[in-house]
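Chain by chain, the residues run as shown.
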Amino acid sequence: MKIVILTGAGISAESGLKTFRDADGLWENEPVRIVATPEGFESEPKRVIEFYNKLRKGLKNVEPNAAHQALAKLEEKFGDDFLLITQNVDDLHQRAGSKRVIPMHGELLKVRCLGQKEHVTSCSEDQPEKCPTCGAKMRPHIVWFGEIPFEMNKIQKALMGCNLFAYIGTSGVVYPAAGFKQIAKMAGAQVVCLNLETTGDSYTDEFIQGKATEVVPKWVKAITDAN
Ligand code: NAD
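Residues numbered from 1 in each chain as written. Predicted model: local features only at pLDDT ≥ 70, side-chain atom pairs only at ≥ 80, totals over all residues. Heavy atoms only, no water.

Observations concerning the pattern of salt bridges
The condition is simple: Note on definitions: salt bridges are taken to be side-chain nitrogens of Lys or Arg within 4 Å of carboxyl oxygens of Asp or Glu. The rule is simple: take the accessible area with a 1.4 Å probe, protein chains only, and divide by the maximum for that residue type; under 20% is buried, over 50% is exposed, in between is partly exposed. Where helices and strands are cited, they refer to DSSP runs of H or I of at least four residues and of E of at least two residues respectively, numbered from the N terminus.
Applying the stated criterion across every chain yields a total of 14 salt bridges. In this structure, arginine 95 and aspartate 91 form a salt bridge, with 3.1 Å as the shortest nitrogen-oxygen distance. Under the relative-accessibility criterion, arginine 95 is labelled partly exposed at 36%. Assessed through its relative accessible area of 15%, aspartate 91 is described here as buried. Between aspartate 205 and lysine 185 there is a salt bridge whose closest N-O contact spans 2.7 Å. Here aspartate 205, found in the loop between β8 (190–195) and β9 (206–209), pairs with lysine 185, found in helix α9 (residues 180–186); they are 20 residues apart in sequence, far enough to count as distant. Overall, aspartate 205 belongs to the partly exposed group, its relative accessible area being 41%.

Here you go:
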């Protein structure tokens, strides 16, 4: 069985990271058109860099939760027949032990330069002003609105070839990720949604409502026991 999982901000919520829509969340206090668009970065680079510096530092105060850990266990069982795609820019899946993970919207702990070669550098503190390799200006290694997510070819191929697709803790409004369930369904996969609020639709075969830390480990155990 080939499994593809898509996660969103909801899986990290119980670790203490605000989701996109949470009232009083970090994202709520800054306009998306500034902190999550290339135009915003062009007009107010300092403000954008500070916003991501703050998010990056916030990662030090959070830990992976039982849902992240359960998905790492699922990968251990299925190996190369498993792929985890995350819209999250935190590093909690990786810290929980996930290896076959595509952070399609980028990573807070990386920055890249605006030079021709777009050098990517690890960064756990404030973003450096200049690229250590070529001296060009740096930007967060984050996919902003209007930009193409990373590794779309690999994602498309995995979706077309999977038997089970689950999307977890995502509101499913940001494309192209919101369209993954449709691709998997067309390819013949069983489609499962695990989320706090009902978001079921005609592409979703099964909807499991609840907190990620409660429903994901149970669901993973059921799959592992059955295979
Ligand atoms: P979203 O905020 O739009 O949706 C989160 C979903 O998770 C909602 O449907 C909500 O009902 C559900 N949810 C909340 N708490 C939950 C819990 N404890 N258990 C299960 N489900 C829960 O987030 P999104 O769909 O990921 O899309 C928004 C974009 O914002 C993403 O592209 C992402 O890059 C970015 N973002 C990332 C982070 C992060 O990296 N941790 C945090 C906030 C936003």
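So, next bit.
Here's the deal with the packing of aromatic side chains
Threshold: Between the rings of Phe, Tyr and Trp (Trp by its six-membered ring), a pair exists once the centres lie within 6.5 Å; its type follows the angle of the planes, with under 30 degrees stacked, over 60 edge-to-face, and the other angles tilted.
For the structure on display, the rule yields four aromatic pairs. Consider the rings of phenylalanine 41 and tryptophan 144, whose centres lie 5.3 Å apart with planes at 40 degrees: the pair is tilted. Pair noted here: phenylalanine 41 is in helix α4 (residues 38–43) and tryptophan 144 is in the loop between β6 (138–142) and α8 (152–160), with a separation of 103 residues, a long-range link. The class for phenylalanine 41 is buried, based on a relative accessible area of 12%.

Describing the pairing of strand β4 (residues 106–113)
To keep it simple, the criterion reads: For two strands to be treated as a pair, DSSP must find at least two bridges joining them.
Most of β4 sits out of view: six of its eight residues are buried. Across four bridges, β4 lies against β6 in antiparallel orientation. Residue pairing in the sheet places glycine 106 in a bridge with isoleucine 142 of β6. Relative to strand β5 (residues 120–122), β4 runs antiparallel, the two sharing three bridges. Considered in β5, the bridge of lysine 110 is made with serine 122. The hairpin formed by β4 and β5 contains six residues between the paired strands, and glutamate 118 there has a positive phi angle of roughly 45 degrees.

Describing the nonpolar core
Our working definition: Joining through side-chain atoms within 4.5 Å is the link that ties buried Ala, Val, Leu, Ile, Met, Phe, Trp, Tyr and Cys residues into a set, and such a set is a nonpolar core. Residues count as neighbours in contact if any of their non-hydrogen atoms are within 4.5 Å of one another.
By size, the foremost hydrophobic cluster in this structure holds 23 residues, and its most contacted members are Ile3, Ile5, Leu71, Leu74, Leu194, Val216 and Trp219. Elements with a contribution of two residues or more to this core: β1 (3–7), α6 (66–78), β2 (82–86), β7 (164–168), β8 and α10 (212–226). Per element, the largest residue contribution to this core is six residues, and it comes from α10. In this structure isoleucine 5 touches Leu71, Leu74, Phe82, Leu83, Leu84, Ile85, Ala166, Ile168 and Trp219, once residues within four positions along its chain are discounted.

Considering the packing of α6 against α10
The test is simple: Axes here mean lines fitted to C-alpha atoms, for a helix over just the part in contact, with angles spanning 0 to 180 degrees between N-to-C directions. Roughly parallel means an angle under 35 degrees; roughly antiparallel, over 145; roughly perpendicular, 65 to 115; everything else is oblique. Crossings are sorted by hand: turned counterclockwise from the far helix by less than a right angle, the near helix makes the crossing left-handed, and turned clockwise it makes it right-handed.
The N-to-C vectors of α6 and α10 enclose an angle of 15 degrees; their axes lie 8 Å apart at closest approach. When the axis of α6 is compared with that of α10, the two are roughly parallel. Where α6 crosses over α10, the two elements pack in a sense that is left-handed. Packed against α6, whose contacting residues are Ala66, Ala67, Ala70, Leu71, Leu74, Lys77 and Phe78, the element α10 presents Ala212, Thr213, Val216, Pro217, Trp219, Val220, Ile223 and Thr224 at the interface.

Regarding α10
Residue pairs spaced three or four apart in an α-helix point in one direction, given the helix's 3.6 residues per turn. Short version of the rule: Expected helix span is given by 1.5 Å per residue-to-residue step, counting one fewer step than there are residues. Note that the arc is computed from the directions linking the helix axis to the C-beta atoms.
For α10, spanning 15 residues, the distance from its first C-alpha to its last is 21 Å, which sits close to the expected 21 Å at 1.5 Å a residue. Buried within α10 are the following residues: Ala212, Val215, Val216, Trp219, Val220 and Ile223. Taken around the axis of α10, the buried residues stretch over an arc of 125 degrees, which confines them to a single face. The exposed residues of α10 that point more than 90 degrees off its buried face are Lys218, Lys221 and Asp225. Packing partners of the buried residues in α10 comprise β1, α1 (10–13), α6, β7, β8 and β9.

So, the sheet that holds β6
In spatial order, the strands read β5-β4-β6; together these three strands make up an open sheet with antiparallel pairing. Lying at the two open borders of the sheet, with one neighbouring strand each, are β5 and β6. Taken over all neighbouring pairs, the strand axes of this sheet differ in orientation by 40 degrees on average, direction set aside. Most of the contacts of helix α5 (residues 45–58) go to β4, to which it runs at about 135 degrees, and overall it touches β4 and β6.

Here we look at the sheet that holds strand β3 (residues 101–103)
Remark on secondary structure: sheet strands pair via backbone hydrogen bonds, oriented parallel or antiparallel. If you walk across this open sheet you meet the six strands as β3-β2-β1-β7-β8-β9, and the pairing is parallel. Edge strands, defined here as strands with exactly one partner in the open sheet, are β3 and β9. Between one strand axis and the next, the sheet turns by 15 degrees as a mean value, whatever way the strands run. Where β1 lies against β2, five bridges are found, and the strand directions are parallel. The residue bridging isoleucine 5 from the neighbouring strand is leucine 84, located in β2.

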